[in-house]
Amino acid sequence: MEFPLIEKKWNKNNHSMDIVYPNKYYGGVYCLGPLIVYNIVNSMENWNCNRVFLDKGSISSKLIGFTLQYELDYYNVLKMLKNAGIPADKSMRKEIVFAGGPCISTNPYTLSDYFDFAMLGDVEETLPQVLRIFESSKSKEDFLKNIADIKGVFVYGITSNPDYARVTDFNNAPYPLYQPFEQELDGNFVFGKTFMLEVERGCIFKCRFCSLPQLSNTTGFRSMEKIKEIIDTGLELNNRNHVSIYAPSFIHPERNKIMKYLLEKKVTFTVPAIKIERIDYEFLSLVKAGGTRSITLAPECNEELRSSVGKYYSDEKLFEIVKMAEDIGFEGIKYYFLIGLPQQTDNDIEKMATLALSLKSKFKGKTYFSINPLVAKSRTSFEGIQFDRKIINHQAKLLTSLMKKNKVKIKPINVSTSFTEWKLSNALSFSKPRADHLHNDA
Ligand code: SF4
């Protein structure tokens, strides 16, 4: 059984909504989006919200919202609807099925044959409006017509100019203080029973493979006062002694104060991937003091090509951080690299392998490399770039052999999964792909 659950008095007139994470509980339980929805819906009079995962809970409401964090979960959406006996064909069902989350915000069209509507951007202000209209609508058709003009709602076939909703007052937006977990967790739950703390939203950086700059190019920061209030209440309510800080780039102006406050509260904490440009000794020491043993850095490629992905720092800066991490006593560093970048040549791949070797030799602790093909998504600066499997397979082979020669271990590079992700991310329709580039089987 999960704890803490939001218990509401049973009322036969209550409406209910399912918030569905179409993958395993051990991953979905750390996702903030569905938690935000769960707390908002349950905070409304006359409403109950059920959490459903691929392997936990079951779809049982008339209003069903999917949260889509990864394109590869699209297959599970169809599987879960089928298992619940709900027709995928929206004209054949009485239930109302909708979706939100980053995949939907970047491309709301891929699953448009199956969803009645999409929620684009932030939901804190839009979702209560949608639910109120649901309460007063006489039929499904009536409801869809009535929500079609709300900013952030995209009713397929009715909304003419879909737009993204941004929360107007991020600091005072409702925070998901209830964060339920099963009582017993196994080793799959990488962060254990943690309290998720979102301190900022949006991003000012312009990494060209990322959709966030186009969806939200300003960063909202919660005030220190609000953050303290959330920490105090959240830790007590959920009985937690670990905090996971959520922030796209963790550049909060008071980030050191936030970490010091958590240390005062005697809780351990983890931080998201950190921006190399913004690391200094005090910051990194606080991250270590919070109990983090390894850090994650994303140089993406060799120095010569780095500005073409929207990152502007030298290898020298990278080595400086590696030295700092070693002096502070981190046990490991994980690096992210990309292949399949525009203009990336064999020479760049060789330089990437040389850089990886230098990074490994400059750090006494463990070094891990995660190498992934570029998946050029909608609403990024790389949108429209083809996924050329022939080139990417060649680069993966070359890099793997260079790393092997230098005795640097890397995980196998999964080109076909990335190709599927690229197709789903760029498709205009899941069932009937219409874009010519989706037939590129090079
Ligand atoms: S820093 Fe992270 S969130 Fe910001 S643009 Fe780059 S990849 Fe996206």
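Scoring rules and cut-offs
Residues numbered from 1 in each chain as written. Predicted model: local features only at pLDDT ≥ 70, side-chain atom pairs only at ≥ 80, totals over all residues. Heavy atoms only, no water. Buried < 20%, exposed > 50% of the residue type's maximum accessible area, 1.4 Å probe, protein only. Helix = DSSP H or I, 4+ residues; strand = E, 2+ residues; numbered from the N terminus. Pairing = 2+ DSSP bridges. Axes fitted to C-alpha atoms, helices over the stretch in contact; angles between N-to-C directions. Contact = heavy atoms within 4.5 Å. Phe/Tyr/Trp six-rings, centres within 6.5 Å; stacked < 30°, edge-to-face > 60°. Parallel < 35°, antiparallel > 145°, perpendicular 65-115°, else oblique. Left-handed = near helix turned anticlockwise from the far one by under 90°. Nonpolar A, V, L, I, M, F, W, Y, C, P; charged D, E, K, R; others polar. Domains from an automatic or database assignment. Buried area = accessible area lost by both parts, 1.4 Å probe. Salt bridge = Lys/Arg side-chain N within 4 Å of Asp/Glu carboxyl O. Polar contact = N/O pair within 3.5 Å; in protein donor to acceptor, adjacent residues only side chain to side chain. Core = buried A, V, L, I, M, F, W, Y, C linked by side-chain atoms within 4.5 Å.

Chemist: Teacher, can you tell me more about the pairing of strand β9 (residues 195-198) here?
Modeler: For a regular strand, the rule is simple: side chains alternate between the two faces of the sheet. Side chains Phe195 and Leu197 of β9 all project onto a buried face; the interleaved residues Met196 and Glu198 project onto the opposite face, where all are buried too. In terms of strand pairing, β9 meets strand β12 (residues 242-246) through four bridges, oriented parallel. Note that in β12 the partner of leucine 197 across the bridge is isoleucine 245.

Chemist: It is not clear to me how the sheet that holds strand β7 (residues 153-155) should be interpreted in this structure. Could you clarify?
Modeler: As a general point, the strands of a sheet are linked pairwise by backbone hydrogen bonds and lie either parallel or antiparallel. In space, the six strands of this open sheet follow the order β3-β2-β4-β5-β6-β7, with mixed pairing throughout. Strand pairing shows two members of the sheet lacking a second neighbour, β3 (47-53) and β7, which therefore form its edges. Taken pair by pair, the neighbouring strands of this sheet meet at an average axis angle of 25 degrees, ignoring direction. Looking at chain direction, strand β6 (residues 117-119) and β7 are connected through three bridges and run antiparallel. In the strand pairing of β7, alanine 118 is matched with phenylalanine 154. Sheet strands in contact with helix α2 (residues 32-43) are β2 (15-21), β3 and β4 (63-67), and its direction is about 155 degrees off that of β3.

Chemist: What exactly am I supposed to notice about the sheet that holds strand β14 (residues 294-300) here?
Modeler: The strand order across the open sheet formed by three strands is β14-β15-β16, and the pairing between neighbours is parallel. In this open sheet, the two strands that pair with only one neighbour each are β14 and β16 (366-373). Neighbour-to-neighbour, the strand axes of this sheet turn through a mean angle of 20 degrees, independent of strand direction. Of the pairings in the sheet, the one linking strand β15 (residues 332-339) to β16 comprises eight bridges and is parallel in character. Paired with isoleucine 339 across the strands is proline 373, a residue of β16.

Chemist: Would you mind going over the environment of serine 58 with me for this structure?
Modeler: Turning to its location among the elements, serine 58 is positioned in the loop between β3 and β4. Sequence separation between serine 58 and asparagine 241 is 183 residues, and the spatial gap between their C-alpha atoms is 30 Å. The contacts of serine 58, once residues within four sequence positions are left out, are Asp18 and Val52.

Chemist: I would appreciate a short explanation of the packing of aromatic side chains in the present structure.
Modeler: Note on aromatic pairs: each is described by the distance of the centres and the angle between the planes. The tally for this structure, following the rule as stated, stands at 20 aromatic pairs. Ring geometry for phenylalanine 66 against phenylalanine 115: centres 6.0 Å apart, planes inclined by 45 degrees, an arrangement best described as tilted. Of this pair, phenylalanine 66 sits in strand β4 while phenylalanine 115 sits in the loop between α4 (102-106) and β6; the two residues are 49 residues apart in sequence, bridging distant segments of the chain. Neither phenylalanine 66 nor phenylalanine 115 differs from the other in exposure class; each is buried. When the ring of phenylalanine 387 is compared with that of phenylalanine 419, the centres are 5.5 Å apart and the planes differ by 50 degrees; the resulting orientation is tilted. Of this pair, phenylalanine 387 sits in the loop between β16 and α14 (389-405) while phenylalanine 419 sits in helix α15 (residues 415-426); the two residues are 32 residues apart in sequence, bridging distant segments of the chain. Exposure class is identical for phenylalanine 387 and phenylalanine 419. Each is buried.

Chemist: Explain the packing of helix α9 (residues 255-264) against helix α10 (residues 281-289) to me, please; I cannot follow it from the model alone.
Modeler: The description of two helices packed together rests on the angle between their axes and the distance between the axes. Taken N-terminus to C-terminus, the directions of α9 and α10 make an angle of 25 degrees; their axes are 10 Å apart at the nearest point. With respect to α10, the axis of α9 lies roughly parallel. For the element pair α9 and α10, the recorded crossing hand is left-handed. Note on element contacts: α10 touches α9 through Glu282, Phe283, Leu286, Val287 and Ala289, opposite Arg255, Asn256, Met259, Lys260 and Leu263. Residues belonging to the contact of α9 with α10 are distributed by class as follows: six nonpolar, one polar and three charged.

Chemist: Looking at this structure, how should I read the domain arrangement of the chain?
Modeler: The accessible area lost on association of the parts is a frequent measure of interface size. As far as domains go, the chain holds domain 1 (10-155), domain 2 (194-292) and domain 3 (310-442). The centre of domain 2, based on its C-alpha atoms, is set 26 Å off from the matching centre of domain 3. Each partner contributes residues to the interface: domain 2 has 19 residues there, and domain 3 has 19 residues. A buried area of about 1,900 Å², summed over both sides, lies between domain 2 and domain 3, and 70% of it is on carbon and sulfur atoms. It is Arg208, Phe209 and Ile276 that lose the most area in domain 2 upon contact with domain 3, and together they represent 36% of the buried surface on that side. Inspection of the region where domain 2 meets domain 3 yields zero salt bridges.

Chemist: I'm lost on the environment of serine 16 in this one. Help?
Modeler: Position of serine 16 relative to the elements: it lies in strand β2. Between the C-alpha atoms of serine 16 and asparagine 172, which are 156 residues apart in sequence, the distance is 25 Å. For serine 16, the side chain forms a polar contact with the side chain of serine 61, separated by 2.7 Å.

Chemist: Explain the nonpolar core to me, please; I cannot follow it from the model alone.
Modeler: One recurring pattern in soluble globular proteins: nonpolar side chains tend to sit buried together. If you look at the biggest cluster of nonpolar residues, it comprises 111 residues, and the most contacted ones within it are Phe117, Ile147, Ile245 and Leu297. With seven residues, α2 is the largest single contributor of residues to this core. When neighbours within four sequence positions are excluded, isoleucine 245 is seen to be in contact with Leu197, Val199, Phe250, Ile258, Met259, Leu262, Phe269, Thr270, Val271 and Pro272. Met80, Leu81, Ile86 and Tyr156 belong to the second largest nonpolar core, which has 25 residues in total.

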